[in-house]
Amino acid sequence: MRTAAPPFLPALLPLLGLCTACDGGSSAPDAADATTDLPDASPAETTPDASPDHAGPLDDLLRLDQLQVRGTHNSYHVALDSPVDPSHAYSHAPLDVQLGEQGVRAFELDVHASSSGEGLEVYHIIVLDPLATCDTLAACLTTIRDWSDEHRGHLPLAIWIEVKDDTGGPPISDLDAVDVEIRAVLDEDRLYTPDDLQGVHDSPRDRLAASGWPTLAELRGKVFFVLLDTDRAAEYTRGFTDLVGRAMFARADAAHYADPWAAIAKVNDPTADAELAAALAADLLVASNTCGGGDSDTACAYRLAAALRNGVHHLMDDIPAPIAGRDYWADLGFGPAPARCNPRSAPPECTPSALEPP
């Protein structure tokens, strides 16, 4: 873990404006009149220790887009003792603790090229917000892989990768470097890639149109990746044509929902009903930001309730578990259970206990 900011931090405070442009940040108002229509809490379901052949009772029925999972924004993040901005005032547990104790099943990792030219580093903003529980992409992915090795019955894990050249490090000129690091840690039988979704069809979208998202029977124990940066999507999809051979899916914006490679989107604001409806109508998996570390409990509860109601699949949050001094946390209504049935798409047979059975 990085442990201290360099003493010349004050000279770099003009860079603080960078943090307000970060894709994952929440800009929710302090909505005093917000409704907090969260589901009633049920007895807590524990996150299971699953054997390699563990399967849920509805795995042949339930599909990936029929659940909602708890996720974390800037999943590696550790706050400085005196954060330079309120939005940086949160710290996440190590990734394996998030997986095991907090029921997190979607992550976001910010990657930067190393100044030494060796590997990819993970942090938020150089000097201003540099601390992380895992300093490199390889270390972060190794932690996730090792936990997965011991809990092979887990729901598929989503890892959103954001290339943050503008907040530190040399430019990452070739996204092949990200694919290489992913595949250096995770074997192909553990990865779920755009090629796997496409299968025998002409494209991932043709697969979605023909038979929808795969069932949990196909995906349990898998890990899939999404390139978060829409400004790098043209490069990664070879001019918005395909993702053949790629390790990651690419985030589609509204102009590309119908493209043959498009399968996953992010609508940052979970209260943007029309935008979310358009993404879901295109059969996309959708993520939204539900709570930022600098947001009030009221604003966070309002956004989480909207995300749950609107059918968001990945609920990306800075407070995935109860912490001192906050009443809010990303409670899906079932204690630390990592997922719940999506109200917009799950069949009536779906129950949270069927998603990750104890």
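Note that the structure is a prediction, hence the values are computed from the model and not measured.

(A) Focus on the overall build of the protein. Counting its secondary structure elements, the protein contains eleven helices and ten strands. Taken across its 358 residues, the protein has 57% of its residues classed as buried. Summarising the internal contacts of the protein: among those between residues at least 6 apart in sequence, 73% fall at separations of at least 24. As displayed, the protein offers around 13,900 Å² of accessible surface, 53% of which is attributable to carbon and sulfur atoms.

(B) A look at unusual backbone geometry. Even without a glycine there, the phi angle at Phe240 is positive, about 60°. Take Phe240: it is sitting in the loop between helix 8 (233-236) and strand 6 (248-250). Even without being glycine, Asp283 reaches a positive phi, approximately 65°. As for its position among the elements, Asp283 is in the loop between helix 9 (273-281) and strand 8 (285-291).

(C) Main features of the state of the cysteines. In this structure the tally under the stated criterion is three disulfides. The disulfide partner of Cys134 is Cys140, and the gap between their sulfur atoms is 2.0 Å. Disulfide Cys134 to Cys140: torsion about the S-S bond roughly 95°, handedness right-handed. Pair check on accessibility: Cys134 and Cys140 agree, each one buried. There is a disulfide in this structure between Cys291 and Cys300, and the S-S distance comes to 2.0 Å. Between Cys291 and Cys300 the sulfur-sulfur dihedral comes to about 60°; the bridge is accordingly right-handed. What makes Cys291 buried here is its relative accessible area of 2%. Residue class for Cys300 comes out buried when judged on its relative accessible area of 0%.

(D) Representation of helix 10 (residues 297-310) in the model. Helix length check: helix 10, at 14 residues, gives a terminal C-alpha distance of 20 Å against a target of 20 Å (1.5 Å per residue), a fit within 8%. Helix 10 sits mainly inside the fold: ten of its 14 residues count as buried. Taken residue by residue, helix 10 has Ala299, Cys300, Ala301, Arg303, Leu304, Ala305, Ala306, Ala307, Leu308 and Asn310 as its buried positions. Check the buried side of helix 10 and you find it contacts strand 1 (67-72), helix 9, strand 8, strand 9 (314-317) and strand 10 (339-341). Downstream of helix 10 by a residue or two, Gly311 has a phi angle that is positive, lying close to 85°.

(E) Representation of the pairing of strand 2 (residues 106-113). Of all the eight residues making up strand 2, eight are buried; the element is thus mostly covered by neighbouring parts of the structure. Of the strand pairs in this sheet, strand 2 and strand 4 (residues 157-163) are connected by six bridges, and their pairing is parallel. Residue pairing for strand 4: Leu109 is matched across the bridge by Ile161. Of the pairings in the sheet, the one linking strand 2 to strand 3 (residues 120-122) comprises three bridges and is antiparallel in character. Residue pairing in the sheet places Val111 in a bridge with Val122 of strand 3. Remark: six residues form the turn of the hairpin made by strand 2 and strand 3, two consecutive strands paired antiparallel; Gly117 in that turn has positive phi of roughly 80°.

(F) Looking closely at the pattern of salt bridges. Counted by the stated rule, this structure contains 14 salt bridges. Linking Lys164 and Glu162 is a salt bridge whose minimum nitrogen-to-oxygen distance equals 3.6 Å. Across the pair, exposure class does not vary: Lys164 and Glu162 are buried alike. With a shortest N-O distance of 2.6 Å, Arg326 and Asp297 are connected by a salt bridge. Note that Arg326 is positioned in the loop between strand 9 and strand 10 and Asp297 in helix 10, a separation of 29 residues in sequence.

(G) Broad picture of helix 6 (residues 204-211). For helix 6, the set of buried residues is Pro204, Arg205, Arg207 and Leu208. Seen end-on, helix 6 carries its buried residues on one side only, within an arc spanning 155°. Away from its buried face, by an angle of more than 90 degrees, helix 6 presents the exposed residues Ala209 and Ala210. The secondary structure elements touched by the buried residues of helix 6 are helix 5 (194-198) and helix 7 (216-219). Note on helix 6: the residue one or two positions beyond its end, Gly212, has a positive phi of about 80°.

(H) Geometry of the nonpolar core. Leu137, Ile161 and Phe225 are the most contacted members of the largest nonpolar core, which totals 61 residues. Residues contacting Phe225, with those up to four places away along its chain left out, are Leu141, Ile159, Ile161, Ile182, Leu186, Leu191, Ala247, Met248 and Phe249.

(I) Inspection of the packing of aromatic side chains at higher detail. One pass over the full model with this rule turns up two aromatic pairs. A centroid spacing of 6.2 Å and a plane angle of 20° characterise the contact between Phe240 and Trp261, whose relative ring orientation is stacked. Here Phe240, found in the loop between helix 8 and strand 6, pairs with Trp261, found in the loop between strand 6 and strand 7 (264-266); they are 21 residues apart in sequence, far enough to count as distant. Given the relative accessible area of 30%, Phe240 is considered partly exposed.

So, how was this worked out
Residues numbered from 1 in each chain as written. Predicted model: local features only at pLDDT ≥ 70, side-chain atom pairs only at ≥ 80, totals over all residues. Heavy atoms only, no water. Helix = DSSP H or I, 4+ residues; strand = E, 2+ residues; numbered from the N terminus. Buried < 20%, exposed > 50% of the residue type's maximum accessible area, 1.4 Å probe, protein only. Contact = heavy atoms within 4.5 Å. Areas by Shrake-Rupley, 256 points an atom, 1.4 Å probe, with all protein chains shown as cover. Disulfide = S-S within 2.5 Å. Expected span 1.5 Å × (residues − 1). Pairing = 2+ DSSP bridges. Salt bridge = Lys/Arg side-chain N within 4 Å of Asp/Glu carboxyl O. Arc of directions from axis to C-beta. Core = buried A, V, L, I, M, F, W, Y, C linked by side-chain atoms within 4.5 Å. Phe/Tyr/Trp six-rings, centres within 6.5 Å; stacked < 30°, edge-to-face > 60°.

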